[in-house]
Amino acid sequence: MERKIRVAQYGCGKMSRWLMRYAMEMGCELVAAFDMNPAILGKDVAEIIGDGYPAVGVLVAAADSADAVLKELKPDVCVIATRSTVAELEEIFTICANHGINAITTCEEALYPWNSSPALTKKLDELAKKGGCTLTGVGYCDLYWGTMVTNLAGSSFKITKITGSSWYNVEDYGIALAEGHGAGLTLEEFARQIGQYNETPHEEIKELVESGAYVPSYMWNQNGWLCSKMGLTITSQTQKCIPCVETVDLESQTLGMVVKAGNASGMRAIVTTETAEGITLETECVGKIFTPEEFDKNEWTLYGEPETTAIVNKPATVELTCATLINRIPHLIDAPAGYVTTDQFPYNEYHVKPLNCYVKSR
């Protein structure tokens, strides 16, 4: 592509500070920004980015104007950083698809919604194909829970089991994620709202998830992504959500409250997947309000011949999420029309030139 990639930002919260800056500094042109927060409407996006960033000339517009503005501007890409489920993104995904605009999101479920919201994903897939654009979800999990693992698998002779554990501070991602992890709930509330399906068998929980009655953890989608990338056939998948509990009070700026000792500071979600090929995946994501001594960490072990473990301590999860997404933009533009998950994309790369230099097909 000889010209700059034109990008719109939908959602100007915490993550957008890096998303917008990374996009512009990687050679993209930011043409629009949208949010629902009246406190930031009309502000130059430079105020959102902060740290004395020079004025950009793009003002934050109301989210309900996105349909008309995107129709007029027709950017190449809309970067979405709002909520955590595909159902919550249906409206903006539909707007993008109707106007033929590629869309990429940090929404965790969006990485692989085929095994959690198949009907809605199929609907969005058909809309995107009709509009001639691509929809997808990307983030930290795309690499550190995904391609890092499948790359390691490429050095194995035999694999019998894969385990994974990822810890992250819910304070870094906004209220939707914190609430989704049960932070601030009493243990009774947690058991009723989050852990009520812990003992539910495979077929039953699969039906609940696919009907939308139950929203699973991110590892549910991640295991689906890994199995798709590795060519594994899932025979059963179950999940257990366990509350994280502290012995001291924890202040949460994101929730605007103090989480009392003995209440849930977040959750440990454990997903177990069995496959026809004999490989078991047992993965967990631990999202909680961190105590002062805790930090983000990521550990994966491939059991078999040989046994291999990879550990990443203190990753800059927010920045890595945003950089991974922005680096995916050329793949997004080059991908076939439809809802195309990143297990179908090439492996992500570091770009030394402006992003438009890496766009091939359109």
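Residue numbers here run from 1 along each chain, matching the order of that chain's written sequence. With pLDDT at 70 or above as the cut-off, local features in this predicted model cover only qualifying residues; side-chain atom pairs require 80 or more to be listed or tallied, and sums for whole chains, interfaces and linings still use all residues. For the side-chain quantities, the full set of heavy atoms in the structure was used; hydrogens and water were omitted.

*Asks:* What should I look at first to understand the overall build of the chain in this one?
*Replies:* Per the convention used, a helix needs a DSSP run of H or I reaching at least four residues, while a strand needs a run of E reaching at least two, with both numbered from the N terminus. A tally of helices and strands in the chain yields 12 helices and 15 strands. Here the globule rule is a power law, 2.2 Å times the number of residues to the power 0.38, and the radius of gyration is based on C-alpha atoms. Its C-alpha radius of gyration of 20 Å places the chain within 12% of the 21 Å reference for a compact globule of 362 residues. Dimensions of the chain, computed from C-alpha atoms along their principal axes, come out at roughly 50 × 45 × 35 Å. Counting the 362 residues in the chain, one finds 56% classified as buried. What makes two residues a contact is simply this: any of their non-hydrogen atoms within 4.5 Å. The long-range fraction of contacts in the chain, counting pairs at least 24 apart against all pairs at least 6 apart in sequence, stands at 74%. Summed over all atoms, the accessible surface of the chain reaches about 15,400 Å², with 52% contributed by carbon and sulfur. For each residue, the accessible area found with a 1.4 Å probe, counting protein chains only, is set against the maximum for its type, and the residue is called buried under 20%, exposed over 50%, and partly exposed in between. Only the protein chains shown count as cover for residues, and all accessible areas are computed by the Shrake-Rupley method using a 1.4 Å probe.

*Asks:* Can you help me understand the sheet that holds strand β14 (residues 308-313) in this one?
*Replies:* Sheet strands line up and pair through hydrogen bonds in the backbone, either parallel or antiparallel. The criterion for strand pairing is that DSSP finds at least two bridges linking the strands in question. With respect to topology, six strands assemble into an open sheet ordered β8-β11-β12-β7-β13-β14, the strand pairing being mixed. Of all strands in the sheet, those with a lone pairing partner are β8 (234-245) and β14, marking the two edges. Each adjacent strand pair in this sheet contributes to an overall mean axis angle of 10 degrees, direction not counted. In this sheet, strand β12 (residues 280-288) lies alongside strand β11 (residues 264-275) in antiparallel orientation, the contact comprising eight bridges. Think of each axis as a best-fit line through the C-alpha atoms, taken over the contacting stretch in the case of a helix, with angles from 0 to 180 degrees between the N-to-C directions.

*Asks:* Any chance you could explain the pairing of strand β7 (residues 158-169) here in plain terms?
*Replies:* Counting buried positions over the 12 residues of β7 gives nine, a clear majority of the element. Relative to strand β13 (residues 297-305), β7 runs antiparallel, the two sharing nine bridges. Residue Ile-159 lies in a different strand from β13, and its bridge partner there is Gly-304. In this sheet, β12 lies alongside β7 in parallel orientation, the contact comprising nine bridges. When the bridges of β12 are listed, Ser-165 appears paired with Glu-284.

*Asks:* Even after reading the chapter, I still don't get the side chain of Thr-283, so can you show me in this structure?
*Replies:* For Thr-283, the location among the structural elements is in strand β12. For Thr-283, a relative accessible area of 1% translates into the label buried. Setting aside its immediate chain neighbours within four residues, Thr-283 contacts Gly-164, Met-219, Asn-223, Ala-269, Ile-270, Val-271 and Trp-300.

*Asks:* Help me out: how do you make sense of the pattern of salt bridges in this one?
*Replies:* Oppositely charged side chains can form a pair if their charged atoms are brought close together. What counts as a salt bridge is simple: a side-chain nitrogen of Lys or Arg found within 4 Å of a carboxyl oxygen of Asp or Glu. The full count for this structure, using the stated rule, is 15 salt bridges. Residue Glu-282 pairs with Lys-161 through a salt bridge whose shortest N-O separation is 3.9 Å. Here the residue Glu-282 occupies a position in strand β12, and Lys-161 occupies one in strand β7, the gap between them amounting to 121 residues. With relative accessibility at 33%, the residue Glu-282 sits in the partly exposed group. Residue Lys-161 is classed as partly exposed on the basis of its relative accessible area of 28%. A salt bridge links Arg-268 to Glu-284, with the shortest nitrogen-to-oxygen separation between them at 3.0 Å. On the criterion of sequence distance, the pair formed by Arg-268 in strand β11 and Glu-284 in strand β12 is long-range, its members being 16 residues apart. What makes Arg-268 partly exposed here is its relative accessible area of 27%. Taken together, the shared-partner salt bridges connect Glu-246, Lys-288 and Glu-294 into one network.

*Asks:* What is the right way to read the nonpolar core from this model?
*Replies:* Across soluble globular proteins, nonpolar side chains have a tendency to be buried as a group. Counting residues in each nonpolar core, the largest one holds 81 residues, and the members touching the most others are Ile-5, Leu-19, Val-77, Trp-145, Ile-162, Trp-300 and Ile-326. Tallying contributions element by element places helix α6 (residues 140-153) first for this core, with seven residues. Remark: nonpolar core denotes a set of buried residues (Ala, Val, Leu, Ile, Met, Phe, Trp, Tyr, Cys) joined through side-chain atoms within 4.5 Å. Listed in part, the 27 residues of the second largest apolar core include Cys-78, Ala-97, Ala-103 and Tyr-339.

*Asks:* Looking at this structure, I do not really get helix α1 (residues 16-25). What am I missing?
*Replies:* Helical periodicity: at 3.6 residues per turn, an α-helix aligns residues three or four positions apart in one direction. Of all the 10 residues making up α1, seven are buried; the element is thus mostly covered by neighbouring parts of the structure. Turning to α1, the residues buried within the fold contact β1 (6-10), β2 (29-35), α2 (45-49), β4 (77-80) and α11 (317-327). After α1 finishes, the residue Gly-27 shows a positive phi value of roughly 95 degrees.

*Asks:* Whenever I open this one, the packing of α6 against helix α10 (residues 218-230) confuses me. Can you help?
*Replies:* Contact geometry for α6 and α10: axes closest at 10 Å, N-to-C directions at 35 degrees. Seen along the crossing, α6 lies across α10 with a hand that is right-handed. Of the residues in α10, those touching α6 at Cys-141, Asp-142, Trp-145, Gly-146, Thr-147, Val-149, Thr-150 and Ala-153 are Tyr-218, Met-219, Gln-222, Trp-225, Leu-226, Lys-229 and Met-230. In terms of residue class, the contact of α6 with α10 is built from nine nonpolar, four polar and two charged. Put simply, a crossing is left-handed when the front helix is turned counterclockwise from the back one by less than a right angle, and right-handed when it is turned clockwise. The nonpolar class holds Ala, Val, Leu, Ile, Met, Phe, Trp, Tyr, Cys and Pro. Asp, Glu, Lys and Arg form the charged class, and all remaining residues, Gly among them, are polar.

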